[in-house]
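Reading the structure
Chain residues, written in single-letter form:
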Amino acid sequence: MAVTETKTVRDMVTHALRKAQITAYDETPTAEDADAALEDLNLMLKGWQLEPGLLWLVSSQSLALTTAASYDLSPVRPLRILSARLKRNGIEIPMVRLTRDEYDELPRKDTTGLPTQFYYDRQREAAKFYVWPVLATAAGETVQITYEREFEDVTDLDDTLDVPGEWWEATLYNLAARLAESYMMTGAYQMLTPRAVQTLDMALAQEREGSVFFAGPYAD
């Protein structure tokens, strides 16, 4: 049994426009409608990034340390750093997270020693990762970072949708509801909104390890 199917942005946009009764089921969306749906899809996915704990967005990277106090995390801009571990001679040591105030209050940012603390400064596009203390001499040390990444930008209808299969239904109904609202398709909007809420709640519940989801009145 295959479980590796992917969906393109075009697949999702077409289905959502039909669910919203903007495009007939035997028609292909116009270029204008497809572009509008693509824009709404981007906005919706970026908004979903505010929800912490989306498991498929968890990723990792290795940061090679020098004697610097700060490092650019590029091109990756983590939404949230879940953990950071100093790796030295094959051994990983958990690092302590600092807030901005705590880092600012350090009297000397250039104190040397084994880095045991970090501060993450997430900018609008770039990102800075600070360590303290700083290495006096680098000898192959790295920081292993586990983080939540951003959704991939939706720029083309033929892009692969950056959503796992268990989130397809929530994506479909929430995009369709947004489109119905934008196009003032009142009947479709009223019909789609409960399904949008229910499918999103169900998807979010499955992102919580060990969580239990109780289906509401709109469950099939």
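Throughout what follows, the structure given in this document is the object of discussion. (Residues numbered from 1 in each chain as written. Predicted model: local features only at pLDDT ≥ 70, side-chain atom pairs only at ≥ 80, totals over all residues. Heavy atoms only, no water.)

Here we look at the overall build of the chain
Broken down by element type, the chain carries five helices and eight strands. Scanning the chain from its N terminus toward the C terminus, one meets helices and strands in the order α-α-β-β-β-β-β-α-β-β-β-α-α. Seen through its principal axes, the chain has C-alpha atoms that stretch 70 × 40 × 40 Å. For the chain, buried positions account for 42% of its 220 residues. Sequence-distant contacts in the chain: of pairs separated by 6 or more residues, those separated by 24 or more amount to 68%. Of the roughly 12500 Å² of accessible surface on the chain, 52% is carried by carbon and sulfur atoms. A gap of 7 Å separates the mean positions of the 21 positive and 35 negative side-chain charges of the chain. (Helix = DSSP H or I, 4+ residues; strand = E, 2+ residues; numbered from the N terminus. Buried < 20%, exposed > 50% of the residue type's maximum accessible area, 1.4 Å probe, protein only. Contact = heavy atoms within 4.5 Å. Areas by Shrake-Rupley, 256 points an atom, 1.4 Å probe, with all protein chains shown as cover. Lys, Arg positive; Asp, Glu negative; His and termini not counted. Charge placed at Lys NZ, Arg CZ, Asp CG, Glu CD.)

Description of the sheet that holds strand β4 (residues 91–94)
Read across the sheet, four strands follow the order β1-β8-β3-β4 without closing on themselves; strand pairing throughout is antiparallel. Strand pairing shows two members of the sheet lacking a second neighbour, β1 (58–64) and β4, which therefore form its edges. Across the sheet, the mean angle separating the axes of adjacent strands is 30° when strand polarity is ignored. As paired elements, strand β3 (residues 80–88) and β4 share four bridges and run antiparallel to each other. (Pairing = 2+ DSSP bridges. Axes fitted to C-alpha atoms, helices over the stretch in contact; angles between N-to-C directions.)

Quick notes on the pairing of strand β6 (residues 117–122)
The buried fraction of β6 is high, at five of six residues. With two bridges connecting them, strand β5 (residues 96–97) and β6 associate as parallel partners. Looking at the pairing, Val96 lines up with Gln117 of β6. Two elements, β6 and strand β7 (residues 127–132), share six bridges in a ladder whose sense is antiparallel. If you follow Arg122 over to β7, its bridge partner there is Ala127. Between β6 and the antiparallel strand that follows it, β7, lie four residues.

Details of the pattern of salt bridges
Where charged atoms from two side chains of opposite charge come close, those side chains can pair. In this structure the tally under the stated criterion is 12 salt bridges. Measuring nitrogen to oxygen at the nearest pair gives 2.6 Å for the salt bridge that ties Asp153 to Lys46. Residue Asp153 is located in the loop between β8 (142–148) and α4 (168–182), and its partner Lys46 is located in helix α2 (residues 31–48); the two are separated by 107 residues in the primary sequence. Asp153 sits in the exposed class, given a relative accessible area of 51%. Lys46 sits in the partly exposed class, given a relative accessible area of 27%. Asp162 serves as the salt-bridge partner of Arg149, at 2.8 Å between the closest nitrogen and oxygen. Here Arg149 is found in the loop between β8 and α4, whereas its partner Asp162 is found in the loop between β8 and α4, with 13 residues between them in sequence. (Salt bridge = Lys/Arg side-chain N within 4 Å of Asp/Glu carboxyl O.)

A few points about the pairing of β7
With five of six residues buried, β7 lies mostly within the body of the structure. Pairing between strand β2 (residues 70–72) and β7: three bridges, direction antiparallel. Looking at β7, one finds that Asp72 is bridged to Lys128.

Points about the sheet that holds β5
Taken in spatial order, the four strands line up as β2-β7-β6-β5 in an open sheet, and their pairing is mixed. Two strands in the sheet have a free side with no partner beyond their single neighbour: β2 and β5.

Considering helix α5 (residues 186–206)
The end-to-end C-alpha distance of α5, which contains 21 residues, comes to 31 Å, matching closely the 30 Å that a straight helix rising 1.5 Å per residue would cover. Taking the largest bend as the criterion, α5 deviates by roughly 30°, centred on Leu192, and proline Pro194 comes between one and four positions later. Every buried residue belonging to α5 is among Ala188, Leu192, Arg195, Ala196, Gln198, Thr199, Leu200, Ala203, Leu204 and Ala205, and all of these are buried. Of the surrounding elements, those touching the buried residues of α5 are α1 (9–19), α2 and α4. (Expected span 1.5 Å × (residues − 1). Bend = angle between axes of the 7 residues up to and from the residue.)

Focus on the packing of α2 against α4
It is at 10 Å that the axes of α2 and α4 come closest, and there the two elements cross at 120°. Here α4 runs oblique to α2, going by the angle between their axes. Seen along the crossing, α2 lies across α4 with a hand that is right-handed. Here α2 contributes Ala36, Ala37, Asp40, Leu41, Leu43, Met44 and Trp48 to the contact with α4, which in turn contributes Ala170, Thr171, Asn174, Leu175, Arg178, Leu179 and Ser182. (Parallel < 35°, antiparallel > 145°, perpendicular 65-115°, else oblique. Left-handed = near helix turned anticlockwise from the far one by under 90°.)

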